Amino acid sequence: MEKQGDAMNAFNFLTQDRVKEPGTGITMMLDKGTGPKMLEDLLEISGEHVDLAKFGWCTSAVYNEEIVKTKVESYKAHGVVPYPGGTLFEVAYTQNKLEEFLNEADKLGFEAIEISDGSVDIPLEARDEVIQNVKDNGFMVITEVGKKDPQKDGEYTTQERVELIEHDINMGAYKVLIEAREGGKGIGIYDNAGNVKKDDVQRIADSIDVKNVIWEAPQKNQQVYLILKFGANVNLGNIPPEEIISLETMRRGLRGDTLGKVNL
Ligand SMILES: C=C(OP(=O)(O)O)C(=O)O
Ligand SMILES: O=S([O-])[O-]
């Protein structure tokens, strides 16, 4: 899953590569229905900076399966691991069709699955069974902690979030996403305006190894905060496709917000 360097980049005498340890510096892109040609174009310029791509919520279920397959192949050809959104898993779980869902995901070429309970309730025991089942079927497991509804999400204490993150990692999740939705407002570590709740971030960082999480951070101020706090190789998710290059510049200290403030 490690990405190629960029020896042939323009102006490369002015910049430094980002050196990443395995499992760090992850950028997860949120794909809301990018067309296959647009995606090829996008990956040509920014694929080397993307590690994971989430086909957001149930978007992969409302267009032709051949297009899904083509896009999955494009991602994989660029060293990106694509996976269907957690909400689609939740739909399958609620309909009691997990086996069919995994078979279809496999047929389409997906090699990772997100397990979340953003819109439905899944008891811990059932969550564990699902994680085990998905792993046994040969998929990489990415889990998510948080609810889609800000009021429900607000019922979580930071301690409960931390415990669930640790629990999922112990169950064999590759990474745990900290929910922020596409908007990044009023959920998890963000207030209603999208500002970072710094004390909550600190409490999470004090309790777990932050390499185990991917902070969903769709907004620029959120990306900047997390880069300055945790460094260039903080794991970030829900990055809009058109913001991948911009994020890479911020990670490398090549934009005013982080210039001279990150170590590579
Ligand atoms: C985009 C999201 O939803 P889903 O996992 O359903 O794709 C998210 O959780 O941030
Ligand atoms: O549906 S979303 O924005 O997680």
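The name given to the protein in an unreviewed UniProt entry is Phosphosulfolactate synthase, and the organism recorded there is Methanobacterium congolense. Regarding the protein, the relevant UniProt record gives this comment under Sequence similarities (unreviewed entry): "Belongs to the phosphosulfolactate synthase family."

J.: Sorry, what's going on with the nonpolar core here?
T.: Nonpolar side chains tend toward joint burial in soluble globular proteins. Counting 59 residues, the largest nonpolar core has Trp215, Leu226 and Leu236 as the members making the most contacts within it. Element by element, the count of residues in this core is highest for helix H4 (residues 98-108), at five residues. Discounting chain neighbours no more than four positions away, the residues touching Trp215 are Ile178, Ile189, Val201, Ile204, Val210, Leu226, Phe230, Val234, Asn235, Leu236 and Gly237. Counting nine residues, the second-largest nonpolar core is a separate cluster that includes Ile26, Met28, Ile142 and Leu177.

J.: Help me understand the packing of helix H9 (residues 220-230) against helix H10 (residues 244-251) in this model?
T.: Each pair of packed helices can be described by the angle between their axes along with the distance between the axes. Between H9 and H10, whose axes approach to 10 Å, the crossing angle comes to 30 degrees. With respect to each other, H9 and H10 are oriented roughly parallel. Helix-helix and strand crossings are classified by hand; for H9 and H10 the assignment is right-handed. The segment H9 lies against H10, with Lys220, Gln223, Val224 and Ile227 engaging Leu247, Met250 and Arg251. Grouping the amino acids of the contact of H9 with H10 by side-chain chemistry returns four nonpolar, one polar and two charged.

J.: Can you help me understand the pattern of salt bridges in this one?
T.: Two side chains with opposite charge may pair up if their charged atoms get near one another. Tallying each qualifying case throughout the model produces 23 salt bridges. The salt bridge partner of Glu216 is Lys54, with a shortest N-O separation of 3.3 Å. Of the two residues, Glu216 sits in strand S7 (residues 213-216) while Lys54 sits in strand S2 (residues 52-55), which places them 162 residues apart along the sequence. Taking relative accessible area as the criterion, Lys54 reaches 5% and is therefore assigned buried. Arg203 serves as the salt-bridge partner of Asp200, at 3.5 Å between the closest nitrogen and oxygen. Here Asp200 pairs with Arg203, and both are found in helix H8 (residues 198-207), just three residues apart, close to one helical turn. Judged by its relative accessible area of 17%, Asp200 falls in the buried class. Via salt bridges that share partners, Lys54, Glu114, Glu144, Lys148, Glu179 and Glu216 belong to a single interconnected network.

J.: Where do I start with unusual backbone geometry in this structure?
T.: Of note, Arg181 is a non-glycine position whose phi angle comes to about 60 degrees, a positive value. With respect to the element layout, Arg181 can be found in the loop between strand S6 (175-178) and H8. Arg181 sits in the partly exposed class, given a relative accessible area of 39%. For Asn238, which is not glycine, the phi torsion reads 55 degrees and is therefore positive.

J.: I keep staring at the site of ligand 1 and nothing clicks. Help me out?
T.: In the neighbourhood of ligand 1, 14 residues make up the surrounding shell, with Trp57, Thr87, Glu144, Glu216 and Asn238 lying closest. Take Lys54: an N or O atom from its side chain is 2.9 Å from an oxygen atom of ligand 1. Between ligand 1 and Glu216 there is a distance of 2.8 Å, counted from an oxygen atom to a side-chain nitrogen or oxygen. Expressed as a share of its isolated accessible area of 290 Å², the protein-covered part of ligand 1 is 99%. For the shell around ligand 1, the class distribution of residues is two nonpolar, five polar and seven charged.

J.: When you look at H4 in this model, what are you seeing that I'm missing?
T.: Turn by turn, an α-helix covers 3.6 residues, leaving residues three or four places apart pointing in a common direction. Among all positions of H4, only Leu98, Phe101, Leu102, Ala105 and Leu108 are buried. Burial along H4 is one-sided: seen end-on, the buried residues are contained in an arc of 130 degrees. The exposed set on the far side of H4, more than 90 degrees from its buried face, consists of Asp106 and Lys107. The inward-facing, buried residues of H4 contact helix H2 (65-77), strand S3 (81-84), helix H3 (86-94), strand S4 (112-115) and helix H5 (124-136). Taken from the residues just after H4, Gly109 is the one with a positive phi, measuring 105 degrees.

J.: Hey, could you run me through the pairing of S6 in this one?
T.: The side chains of a regular strand alternate between both faces of the sheet. Neither face of S6 is open: one carries Lys175 and Leu177, the other Val176 and Ile178, and all of them are buried. Judged from the four bridges that link them, strand S5 (residues 140-145) and S6 form a sheet pairing that is parallel. Within S6, the residue paired with Glu144 across the bridge is Leu177. With three bridges connecting them, S6 and S7 associate as parallel partners. Looking at the pairing, Leu177 lines up with Ile214 of S7. Regarding the hand of the β-α-β motif, the stretch spanning S6, H8 and S7 is right-handed.

Cut-offs applied
- Residues numbered from 1 in each chain as written.
- Chains lettered and ligands numbered in written order.
- Predicted model: local features only at pLDDT ≥ 70, side-chain atom pairs only at ≥ 80, totals over all residues.
- Heavy atoms only, no water.
- UniProt positions renumbered as here; feature names shortened; annotations may be inferred.
- Core = buried A, V, L, I, M, F, W, Y, C linked by side-chain atoms within 4.5 Å.
- Buried < 20%, exposed > 50% of the residue type's maximum accessible area, 1.4 Å probe, protein only.
- Helix = DSSP H or I, 4+ residues; strand = E, 2+ residues; numbered from the N terminus.
- Contact = heavy atoms within 4.5 Å.
- Axes fitted to C-alpha atoms, helices over the stretch in contact; angles between N-to-C directions.
- Parallel < 35°, antiparallel > 145°, perpendicular 65-115°, else oblique.
- Left-handed = near helix turned anticlockwise from the far one by under 90°.
- Nonpolar A, V, L, I, M, F, W, Y, C, P; charged D, E, K, R; others polar.
- Salt bridge = Lys/Arg side-chain N within 4 Å of Asp/Glu carboxyl O.
- Near = heavy atom within 4 Å.
- Polar contact = N/O pair within 3.5 Å; in protein donor to acceptor, adjacent residues only side chain to side chain.
- Areas by Shrake-Rupley, 256 points an atom, 1.4 Å probe, with all protein chains shown as cover.
- Arc of directions from axis to C-beta.
- Pairing = 2+ DSSP bridges.
- Right-handed = clockwise from strand over helix to strand, strands pointing away.

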